[in-house]
Amino acid sequence: MARRSRTTMNEKELPRAAREALMKALKARFEKNMDRHRGLEWAAIEAKLEGDREKLWSLNEMERTGGEPDVVGRDRKTSEYLFFDCAAESPRERRSLCYDREALESRKEFKPKDSAMNLAAAMGIELLTETQYRELQELGEFDTKTSSWLRTPSEIRKLGGAIFGDRRYGRVFVYHNGAESYYAARGFRGSLRV
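The model shown is predicted, which means the values in this text are computed figures rather than measured ones. (Residues numbered from 1 in each chain as written. Predicted model: local features only at pLDDT ≥ 70, side-chain atom pairs only at ≥ 80, totals over all residues. Heavy atoms only, no water.)

1. Comments concerning the sheet that holds strand S1 (residues 69–74)
What holds strands together in a sheet is hydrogen bonding between their backbones, with the strands either parallel or antiparallel.
Piece 1. Taken in spatial order, the four strands line up as S1-S2-S8-S3 in an open sheet, and their pairing is antiparallel. The open sheet is flanked by S1 and strand S3 (126–127), the only strands paired with a single partner.
Piece 2. Pairing of strand S2 (residues 81–85) with strand S8 (residues 190–193), which is carried by three bridges, proceeds in the antiparallel orientation. The partner of Leu-82 across the bridge, within S8, is Arg-193.
Piece 3. Sitting on the sheet, helix H7 (residues 130–138) is in contact with S2, S3 and S8, with an inclination near 80° to S2. (Pairing = 2+ DSSP bridges. Helix = DSSP H or I, 4+ residues; strand = E, 2+ residues; numbered from the N terminus. Contact = heavy atoms within 4.5 Å. Axes fitted to C-alpha atoms, helices over the stretch in contact; angles between N-to-C directions.)

Structure below.
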């Protein structure tokens, strides 16, 4: 059993060169977008990231799939930094997905390659909630040509639906769709606490 855990941990640890490249990209994005995280210091964030290799791996997955993760705040109670996908449009490598495993299994034909919830779990991140999505939209204009699945309240999901958001006509909209639907312009945005 211990051997399996070690293998899993090693699989979620980036090689040194990849860690350095990721940290360089994150620092550059942090410095370029200071309005997203006023009052936060990169040195403190970097130290926290260096201490959690598995979270670094998840941030790399966010980066690799086009999410452009950036710090958007800090939880005062837990002292955790909060990263959101801040790409202008829903991450390209995370589109054409239905909402969750149940939705994926319900499709008899023309199944998408995966679901948003499955892929997020594999990446070690969570889908943005509706509240988080609206907070993100306060930091800029996102999803003006795409849309993003959002973590759906259980009462909606039990009825077969799922929610997604986008920005159109200068406003943020949250809509519903059948959870089994998928579109080339709909992906998902993730969040990660470090």
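2. Quick notes on helix H2 (residues 16–32)
Piece 1. Between its first and last C-alpha, H2 extends 24 Å over 17 residues, near the 24 Å set by a 1.5 Å rise per residue.
Piece 2. Among the residues of H2, Arg-19, Leu-22, Met-23, Leu-26, Arg-29 and Phe-30 are the ones counted as buried. Axial view of H2: buried residues confined to an arc of 130°, hence all on one face. Residues of H2 that are exposed and angled more than 90 degrees away from the buried face: Ala-17, Lys-24 and Lys-32.
Piece 3. Contacts made by the buried residues of H2 are with helix H3 (42–50), helix H4 (53–64), S1 and S2. (Expected span 1.5 Å × (residues − 1). Buried < 20%, exposed > 50% of the residue type's maximum accessible area, 1.4 Å probe, protein only. Arc of directions from axis to C-beta.)

3. Digging into the sheet that holds strand S5 (residues 161–168)
Piece 1. A sheet is described by the order of its strands in space; here four strands give the open sequence S6-S5-S4-S7, paired in mixed fashion. Each end of this open sheet is capped by a strand with a single partner; those strands are strand S6 (171–178) and strand S7 (186–188). For this sheet, the mean inter-axis angle between neighbouring strands, taken without regard to orientation, is 35°.
Piece 2. Across eight bridges, the pairing between S5 and S6 is antiparallel. Residue pairing for S6: Arg-168 is matched across the bridge by Arg-171.

4. Considering the pairing of S2
Note on strand geometry: in a regular strand, side chains alternate between the two faces of the sheet.
Piece 1. Of all five residues in S2, five are buried, a share of seventy percent or more.
Piece 2. Of the pairings in the sheet, the one linking S1 to S2 comprises five bridges and is antiparallel in character. Bridging from a neighbouring strand, Pro-69 pairs with Asp-85 of S2.
Piece 3. The loop that links S1 with its antiparallel partner S2 comprises six residues; one of these, Ser-79, has a positive phi angle of about 65°.

Honestly, that's just the spatial picture; any functional story needs more than this.
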